[in-house]
Amino acid sequence: MDDELKNPLHGKTLVFILEYLVNYYEGFEGLSKEVNINCFKKDASINSSLKFLRKMPWARTEVENLFVKIYTYELKKQAKTQQ
């Protein structure tokens, strides 16, 4: 778990990251409130979002930063409950 906290993006694909966030926020509508990107607001799908994120580095960075924040928070929370 320490390695995951040091670099939560290591070994994670963009598909995994996007699906994780969509699940965490219970859909694209919730995710779009956290990351203001149009591909999450209108006719959102995993495939269309992946295409956009792969073309726009600034958008991918926003999504990855949110993932790191949420994922590390969840890992720490999980570690505390296991103690």
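**Student:** Sorry, what's going on with the confidence of the model for the protein chain here?
**Tutor:** It should be kept in mind that the predicted coordinates are not to be read in detail where pLDDT is low. Mean pLDDT over the protein chain stands at 91; residues scoring 70 or higher make up 94%. Least confident of the elements in the protein chain is helix 1 (residues 2–6), whose mean pLDDT is 64; most confident is helix 2 (residues 14–24), at 97.

**Student:** Would you mind going over the nonpolar core with me for this structure?
**Tutor:** Generally speaking, a soluble globular protein has its nonpolar side chains buried in company with each other. Formed by 21 residues in total, the largest nonpolar core has its most connected members in Leu18, Leu21, Leu31, Ile37, Phe40, Leu53 and Val63. Broken down by secondary-structure element, the contributors of at least two residues to this core are helix 2, helix 3 (28–34), helix 4 (46–55) and helix 5 (57–82). Top element by residues in this core is helix 5. It accounts for 7 residues. Sequence-distant contacts of Leu31, defined by excluding residues within four places in its chain, comprise Leu18, Leu21, Val22, Tyr25, Phe40 and Leu66.

**Student:** How do you make sense of the pattern of salt bridges when you look at a structure like this?
**Tutor:** Charged atoms that come close allow side chains of opposite charge to pair. Tallying each qualifying case throughout the model produces 3 salt bridges. With its nearest N and O atoms 4.0 Å apart, the salt bridge here joins Lys33 to Glu29. Highlighted residues: Lys33 and Glu29, both in helix 3, separated by 4 residues, approximately one helical turn. Taken as a pair, Lys33 and Glu29 share a single burial class, namely exposed. A salt bridge links Lys77 to Glu74, with the shortest nitrogen-to-oxygen separation between them at 3.6 Å. Pair noted here: Lys77 and Glu74 are both in helix 5, with a separation of 3 residues, about one helical turn.

**Student:** How do you make sense of the packing of helix 4 against helix 5 when you look at a structure like this?
**Tutor:** Look at helix 4 against helix 5: their axes get within 5 Å of each other, and the N-to-C directions meet at 115°. Considering their axes alone, helix 4 and helix 5 lie roughly perpendicular with respect to each other. Seen from helix 4, the contacting residues are Phe52, Leu53, Arg54 and Lys55; seen from helix 5, they are Pro57, Trp58, Ala59, Arg60 and Val63. The residue inventory of the contact of helix 4 with helix 5, partitioned by class, reads 6 nonpolar, no polar and 3 charged.

**Student:** Please clarify how helix 2 should be interpreted in this entry.
**Tutor:** An α-helix turns once per 3.6 residues; consequently, residues spaced three or four apart project the same way. Of all the residues in helix 2, the buried ones are Leu14, Ile17, Leu18, Leu21 and Val22. For helix 2, the arc enclosing every buried residue in end-on projection is 125°, short of the 170-degree limit, so these residues lie on one face. Along its buried surface, helix 2 packs onto helix 3, helix 4 and helix 5. At the exit of helix 2 stands Glu26, carrying a positive phi of roughly 60°.

**Student:** Sorry, what's going on with the packing of helix 2 against helix 5 here?
**Tutor:** It is at 10 Å that the axes of helix 2 and helix 5 come closest, and there the two elements cross at 65°. In terms of crossing hand, the pair formed by helix 2 and helix 5 is left-handed. Packed against helix 2, whose contacting residues are Leu14, Phe16, Ile17, Tyr20, Leu21 and Tyr24, the element helix 5 presents Arg60, Val63, Glu64, Leu66, Phe67, Ile70, Tyr71 and Glu74 at the interface. Split into classes, the residues belonging to the contact of helix 2 with helix 5 amount to 11 nonpolar, no polar and 3 charged.

Analysis parameters
- Residues numbered from 1 in each chain as written.
- Predicted model: local features only at pLDDT ≥ 70, side-chain atom pairs only at ≥ 80, totals over all residues.
- Heavy atoms only, no water.
- pLDDT = per-residue confidence, 0-100.
- Helix = DSSP H or I, 4+ residues; strand = E, 2+ residues; numbered from the N terminus.
- Core = buried A, V, L, I, M, F, W, Y, C linked by side-chain atoms within 4.5 Å.
- Buried < 20%, exposed > 50% of the residue type's maximum accessible area, 1.4 Å probe, protein only.
- Contact = heavy atoms within 4.5 Å.
- Salt bridge = Lys/Arg side-chain N within 4 Å of Asp/Glu carboxyl O.
- Axes fitted to C-alpha atoms, helices over the stretch in contact; angles between N-to-C directions.
- Parallel < 35°, antiparallel > 145°, perpendicular 65-115°, else oblique.
- Nonpolar A, V, L, I, M, F, W, Y, C, P; charged D, E, K, R; others polar.
- Arc of directions from axis to C-beta.
- Left-handed = near helix turned anticlockwise from the far one by under 90°.

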